[in-house]
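Coordinate analysis (summary)
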Amino acid sequence: MLQVKIVPVTAFQQNCSILWDDDSKDAILIDAGGEPEKLQAEVEALGLNVKALWLTHGHLDHAGAVGALTKLWNVPVIGPHKEDAFWLDMIQEASARYGFPIPEKVEVTEWLEGGEVLKLGDEEFEVRFAPGHTPGHVMFYNKKYGLLWTGDVLFKGSIGRTDFPRGDHQQLLDSIQRECFSLPDETQFISGHGPISTIGFEKKHNPFVASKAG
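Along each chain, the written sequence defines residue order, and numbers are assigned to residues from 1. At least 70 in pLDDT is required for a residue's local features to be given in this predicted model, at least 80 for side-chain atom pairs to be given and counted, and no such filter applies to totals for whole chains, interfaces and linings, which use all residues. Working from all heavy atoms in the structure, the side-chain values ignore hydrogens and water.

Below, the discussion takes up the environment of Ala65. Runs of E in the DSSP output that reach at least two residues are strands. Runs of H or I that reach at least four are helices, and both are numbered from the N terminus. By secondary structure assignment, the location of Ala65 is in the loop between helix H2 (60-63) and helix H3 (66-73). Distance from Ala65 to Tyr141, taken between C-alpha atoms, is 23 Å for residues 76 residues apart in sequence. Every residue pair with non-hydrogen atoms within 4.5 Å of one another is taken to be in contact. Apart from residues lying up to four places away in sequence, Ala65 is in contact with Ala32, Gly33, Gly34, Glu35, Pro36 and Leu39.

Charged atoms that come close allow side chains of opposite charge to pair. Definition used for salt bridges: Asp or Glu carboxyl oxygen within 4 Å of a side-chain nitrogen of Lys or Arg. Under the defined criterion, the tally for this structure stands at ten salt bridges. The salt bridge involving Glu126 is made with Arg128; its shortest N-O contact spans 2.9 Å. The cut-offs for exposure are 20% and 50% of the maximum accessible area for each residue type, with area from a 1.4 Å probe on protein chains only; residues under the lower value are buried, those over the upper are exposed, and the others partly exposed. For Glu126, a relative accessible area of 30% puts it in the partly exposed group. Taking the shortest distance from any N to any O, the salt bridge between Glu179 and Arg128 comes out at 3.2 Å. Residue Glu179 is located in helix H6 (residues 169-180), and its partner Arg128 is located in strand E7 (residues 123-129); the two are separated by 51 residues in the primary sequence. Side by side, Glu179 and Arg128 carry an identical accessibility label, which is buried.

Here the UniProt-annotated "domain: Metallo-beta-lactamase" (unreviewed entry) positions come out as residues 13-193. Secondary structure across residues 13-193 divides into 26% helix and 28% strand, with the first and last C-alpha atoms of the span separated by 6 Å. UniProt positions are given in the numbering used here, feature names are shortened, and annotations may be inferred rather than shown by experiment.

Okay, the pairing of strand E12 (residues 188-191) next. Strands are labelled as partners when DSSP assigns at least two bridges between them. As judged from the four bridges shared by strand E9 (residues 147-151) and E12, these two strands associate in the parallel manner. Bridge pairing in E12 places Trp149 opposite Ile190. Here two bridges tie E12 to strand E13 (residues 197-198), and the two strands are oriented antiparallel to one another. The residue bridging Phe189 from the neighbouring strand is Ser197, located in E13. Once E12 ends, the chain turns through five residues before running back antiparallel as E13, passing Gly194 with a positive phi of about 85°.

With that settled, consider the packing of aromatic side chains. Pairing of aromatic rings covers Phe, Tyr and the six-membered ring of Trp, with a centre-to-centre limit of 6.5 Å; geometry is then stacked below 30 degrees between planes, edge-to-face above 60, and tilted otherwise. Applying the stated criterion across every chain, the model contains seven aromatic pairs. Between Trp54 and Phe140 the ring centres are 5.1 Å apart and the planes differ by 45°, which places this aromatic pair in the tilted class. One end of the pair, Trp54, is in strand E4 (residues 49-54); the other, Phe140, is in strand E8 (residues 138-142), and 86 residues separate them in sequence. Here the two residues Trp54 and Phe140 agree in accessibility, since each one is buried. Centroid distance Trp87 to Phe164: 6.2 Å. Interplanar angle 85°. Geometry classified as edge-to-face. One end of the pair, Trp87, is in helix H4 (residues 85-89); the other, Phe164, is in the loop between strand E11 (158-159) and H6, with 77 residues separating them in the sequence. Three or more aromatic residues joined by ring pairs make a cluster, and in this case those are Trp54, Phe125, Phe140 and Trp149. Definition used: whenever NZ (Lys) or CZ (Arg) falls within 6 Å of the ring centre and also within 35 degrees of the ring normal, the charge is taken to sit over that ring. It is Lys156 that lies over the ring of Phe201; its NZ or CZ is 5.5 Å from the centre.

So, in structure tokens, the structure goes:
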């Protein structure tokens, strides 16, 4: 059975998700955004065997711990789309600008395009390409459990910023319609910051996209 624990990291309170299979204790982390020692301690306390690190996009608050944890666990880095390579290339510079600890460089093992199916044990996760917040943003969807990891595309009551380099507001709105609102209303989503919500709730109540949900 799939288990999920959300661990907020850094001053940005970014939601790093630890996912694991109950039986095997094999695990992956989605968006290990910082505080690698904290994430290491969580993994060890749960007795997990990390198999990979998955990334929705290349911003420092989502990828800041990836380099250090890759070295620690010797695991592959999966995602995001290669259009976010420039963000990962400048992660040290961006961290310095925000006064964050300078992270290890991130080396992506496998870039994603969208449409791939990633696995954790027997669980399958569909990769959904959702640019706009960044040009290479992806999301991860588990149909069996009705769970979607939206990164910084969609939040409870809000949407991702598009004022960063190569952000695109209309592209973000299109991504939400195509990749989020096409899912069942009862689908729960875990975003990069803030509380869990459902697709149906956002269709009705999110002021940025509700009127466009149809």
